[in-house]
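Working through the structure, step by step
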Amino acid sequence: VLFPVGATSAPARGGTAFALADVMIPPRRIVAATDFSEPSRAAVIFAASLARQCHATFYVMHALDPLLDAAARHAGLDLVADTHEALQQFMATTSLGAGAVPLDEVATGAPADTIVDVAERHLADVIVIGSHGMSGPQRLAFGSTTEAVLRRAGTSVLVVPPQWAPAHPGDPDLAGRSEEHTLNS
């Protein structure tokens, strides 16, 4: 798997320029972020396929809202442990394919900042994240974690569209299939 990069490239929006020497091709460490939604499930499956093809270390992480975590702790609940259990259940019910054994992590903080921090801590070569497909007023009202990660990340970011799915469960082909193909088959 090769990523199209030039000798030096500057991001389209914000961020910092990077040199080719700063990009690992193929990636050796991949971080996939999930919010437990179906679009993020597609991103995790994509990341698992990429990791399998590249023989990369594969991390799946979830960013826990700090206000919810603080409120839960105040009530005597361990939301980090509960969320970690939910993350493991999410991965167990996701078709990652043979040999995909991700390392998992729950980190507390604002989602975009936390995703970037986890990727930096693990020296990730690429972040894989799903897109919820928000546009117009919805995106203006709620913002986009994916867009914020794209602006803040100091490493490559692969955005997986919500309709992406592997051609067959466990299929290592990253081209996948779209919903339109599925409906017409």
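Right above here is the structure, for reference.
Below is a summary of the structure that appears in this document. Model, not experiment: these values are computed from the prediction.

Here's the deal with the overall build of the protein chain
- Scanning the protein chain from terminus to terminus reveals seven helices and seven strands.
- For the protein chain, the succession of helices and strands along the chain, N to C, is β-β-β-α-β-α-α-β-α-β-α-α-β-α.
- A buried classification covers 38% of the 185 residues belonging to the protein chain.
- If you take every contact in the protein chain between residues at least 6 apart in sequence, the share linking residues at least 24 apart comes to 69%.
- Total accessible area on the protein chain stands at roughly 10,100 Å², and carbon and sulfur atoms take up 57% of it.

Some thoughts on helix α4 (residues 111-121)
- Those residues of α4 that fall on the buried side of the exposure criterion are A112, T114, I115, V116, V118 and A119.
- Buried positions along α4 lie against β3 (29-33), β4 (57-64), β5 (103-108), β6 (126-130) and α6 (145-152).
- Following α4 by one or two positions, L123 adopts a phi angle in the positive range, close to 55°.

Considerations on the sheet that holds β5
- Strand order across the open sheet formed by five strands is β5-β4-β3-β6-β7, with parallel pairing between neighbours. Every other strand in the sheet has two partners, leaving β5 and β7 (156-160) as the edge strands with one partner each. Geometrically, the sheet is characterised by an average inter-axis angle of 25° between neighbouring strands, direction not taken into account.
- Here β6 pairs with β7 via five bridges, running parallel. Pairing of I127 across the sheet is with V157, part of β7.

Topic: the pattern of salt bridges
- Enumeration over the complete set of coordinates arrives at five salt bridges.
- For E105, the salt bridge goes to R121, with nearest N and O atoms at 2.6 Å. Of the two residues, E105 sits in strand β5 while R121 sits in helix α4, which places them 16 residues apart along the sequence.
- The salt bridge involving R152 is made with D113; its shortest N-O contact spans 3.0 Å. Within this pair, whereas R152 is found in helix α6, its partner D113 is found in helix α4, the two being separated by 39 residues in sequence.
- Owing to a relative accessible area of 44%, R152 belongs among the partly exposed residues under this scheme.

Topic: the packing of α4 against α6
- With their axes 8 Å apart at the nearest point, α4 and α6 run at an angle of 45° to one another. On the basis of the axis angle, α4 is oblique to α6. Here α4 and α6 pass one another in a crossing that is right-handed. Two secondary-structure elements touch here, α4 through P111, A112, D113, I115 and V116 and α6 through T145, A148, V149 and R152.
- Its residues assigned to classes, the contact of α4 with α6 shows six nonpolar, one polar and two charged.

Some words on the nonpolar core
- The biggest cluster of nonpolar side chains holds 27 residues, and the ones touching the most others in it are I30, V44, F58, V128 and V160.
- Of all the secondary-structure elements, those providing two or more residues to this core are β3, α1 (38-54), β4, α3 (79-92) and β6.
- Excluding residues that lie within four positions of it along the chain, V128 makes contacts with I30, V31, A32, A33, A43, F46, A47, L158 and V160.
- Core analysis: the next-biggest nonpolar cluster, separate from the first, contains 18 residues, V31, V116, A148 and V149 among them.

Parameters and conventions
- Residues numbered from 1 in each chain as written.
- Predicted model: local features only at pLDDT ≥ 70, side-chain atom pairs only at ≥ 80, totals over all residues.
- Heavy atoms only, no water.
- Helix = DSSP H or I, 4+ residues; strand = E, 2+ residues; numbered from the N terminus.
- Buried < 20%, exposed > 50% of the residue type's maximum accessible area, 1.4 Å probe, protein only.
- Contact = heavy atoms within 4.5 Å.
- Areas by Shrake-Rupley, 256 points an atom, 1.4 Å probe, with all protein chains shown as cover.
- Pairing = 2+ DSSP bridges.
- Axes fitted to C-alpha atoms, helices over the stretch in contact; angles between N-to-C directions.
- Salt bridge = Lys/Arg side-chain N within 4 Å of Asp/Glu carboxyl O.
- Parallel < 35°, antiparallel > 145°, perpendicular 65-115°, else oblique.
- Left-handed = near helix turned anticlockwise from the far one by under 90°.
- Nonpolar A, V, L, I, M, F, W, Y, C, P; charged D, E, K, R; others polar.
- Core = buried A, V, L, I, M, F, W, Y, C linked by side-chain atoms within 4.5 Å.

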